[in-house]
Structure formats: structure tokens, C-alpha cells
Amino acid sequence: MKTIALVGGIGSGKSTIAHMFAELGAGVINLDDVGHFVLTTPGVKYDIGRTFGASVFDEKGEVVRSRLASAAFDTPEHTEWLNAITHPVIMKECRRRIAELGQLHDLVVVEVTTGVASKRDVRWADVLVAVTAPACVRMDRACARGEQTAADVSRRIALQQTDAQLAELADFTINNGGDLETAKTEVKRVYDAVRAE
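All of these numbers come straight from a predicted model, not from anything done at the bench.

What about the side chain of Asp-152?
Here is step 1: Note that Asp-152 resides in helix 7 (residues 150-159).
Here is step 2: With relative accessibility at 16%, the residue Asp-152 sits in the buried group.
Here is step 3: Only 2.5 Å separates the side chain of Asp-152 from the side chain of Arg-155, close enough to count as a polar contact.

Given below as C-alpha cells:
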């Protein structure tokens, strides 16, 4: 079994590409989903409250992701604080899910939603694949979700690595700025190459 770390900035279309890998037979893990799960765990909630305050919770004591995003992505320092709280717990759960899916699939794709500065950040993966798209396309996609304002998305893009920086780190790059058929061809190329290695 081989593991792909699928990286890309906000709005690059990682989820679409991950779905294409799934259609080819890969097991898929979305780190965002793992992250949502982790935000419901008592230890993480305690650390978030201690770091970012009670305003990021609703009246039932659950984390409101949009409030947390506003508090955590306003400065690089705050983003580091959030990553320090959640990243170790997310990766522990991710490794558990990789092992589980590895029993059923010969390729597991993990859609990575946190920043990747080097291959050391994804040393658990056999292959690093970057998904790229023009900034204007990424902005439109991210805003269309309705969860964040254009200002929020712009701040996140500014804090993330550029497509060129990610492409330098990656073993493969998939351009997801055009039509779906072209993207599917790219995904199939990477899927076949990784499985053949």
C-alpha cells in the first residue's frame, strides 16, 4: 500500500481531485474531516478555549469553525498556535485511518488541509502531489462555499505557500485550473505512475 499526500492552497480543488482518485479505486482521507472530528474532542476544545477564548464556542460549548478561522488565521502567529493544538491529534487519527484503509486499498490519498513547508511535514506519505489553479479561480471557488468572506480567503491565501512553491516540493503536480476532463487525465497519469513505482 502506498500513501499520497495531496496538497494545495484554499480553492485549488483538492477535494475534486481526491474524488477522482477515489473513482479510480484509491482510499481517500480528508484531513479537514479529521480536523472537524478533532474539534469535538475534550482535550482539543480545552486548549482552543484557553488559547483563543470563549468567543469561538457556541452556547452548547461546541467550536464554531468560522469564528475559530477568524481568530486563528488573522496572523501567522495565531495560525501556528492553532496548528500546535490540533496538528498532533489530527495526525494520530490520520495514521489510524490510513492503516484502516490500507487493509482495503493499495493506494490511500490523504487530502492535506494544513500548511506543508517541506516533505518533512508529510514524511508519513510515500508521494507528495500538489494541486494547482490560478489565484482568481481559487478565490471564486473558496468564496462560493459561503463559509468565508473574500477578505478571509485573501488572508488565508496570503498565509499559504504559492502554487510555484508547492510544485517545487511535489513529486507530481496536477493542474486543476481548467476543465474536469483534463484534470481526470492528470489524475489517471499520477495514479498509474504511483502504483507502478
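Now that the structure has been shown, we can carry on.
Quick look at the nonpolar core
Here is step 1: Ranked by internal contacts, the top residues of the largest apolar core, which has 37 residues, are Ile-48, Phe-52, Val-110, Val-112 and Trp-124.
Here is step 2: Elements supplying a minimum of two residues to this core: strand 1 (2-7), helix 2 (31-38), helix 3 (42-52), helix 4 (65-72), helix 5 (76-102), strand 3 (107-111), strand 4 (127-132) and helix 8 (163-169).
Here is step 3: A total of seven residues in this core trace back to one element, the largest contributor, which is helix 5.
Here is step 4: Every residue in contact with Val-112, bar those within four places of it in the chain, is listed here: Ala-5, Leu-6, Val-7, Lys-14, Leu-31, Val-122 and Trp-124.

Some remarks on the pairing of strand 4
Here is step 1: Counting buried positions along strand 4 gives six out of six residues, so the element sits mostly inside the fold.
Here is step 2: Of the pairings in the sheet, the one linking strand 1 to strand 4 comprises four bridges and is parallel in character. Pairing of Ala-5 across the sheet is with Leu-128, part of strand 4.
Here is step 3: With four bridges connecting them, strand 4 and strand 5 (residues 172-175) associate as parallel partners. Opposite Thr-132, over in strand 5, you have Asn-175 as the bridge partner.

Conventions we followed
Residues numbered from 1 in each chain as written. Predicted model: local features only at pLDDT ≥ 70, side-chain atom pairs only at ≥ 80, totals over all residues. Heavy atoms only, no water. Helix = DSSP H or I, 4+ residues; strand = E, 2+ residues; numbered from the N terminus. Buried < 20%, exposed > 50% of the residue type's maximum accessible area, 1.4 Å probe, protein only. Polar contact = N/O pair within 3.5 Å; in protein donor to acceptor, adjacent residues only side chain to side chain. Core = buried A, V, L, I, M, F, W, Y, C linked by side-chain atoms within 4.5 Å. Contact = heavy atoms within 4.5 Å. Pairing = 2+ DSSP bridges.

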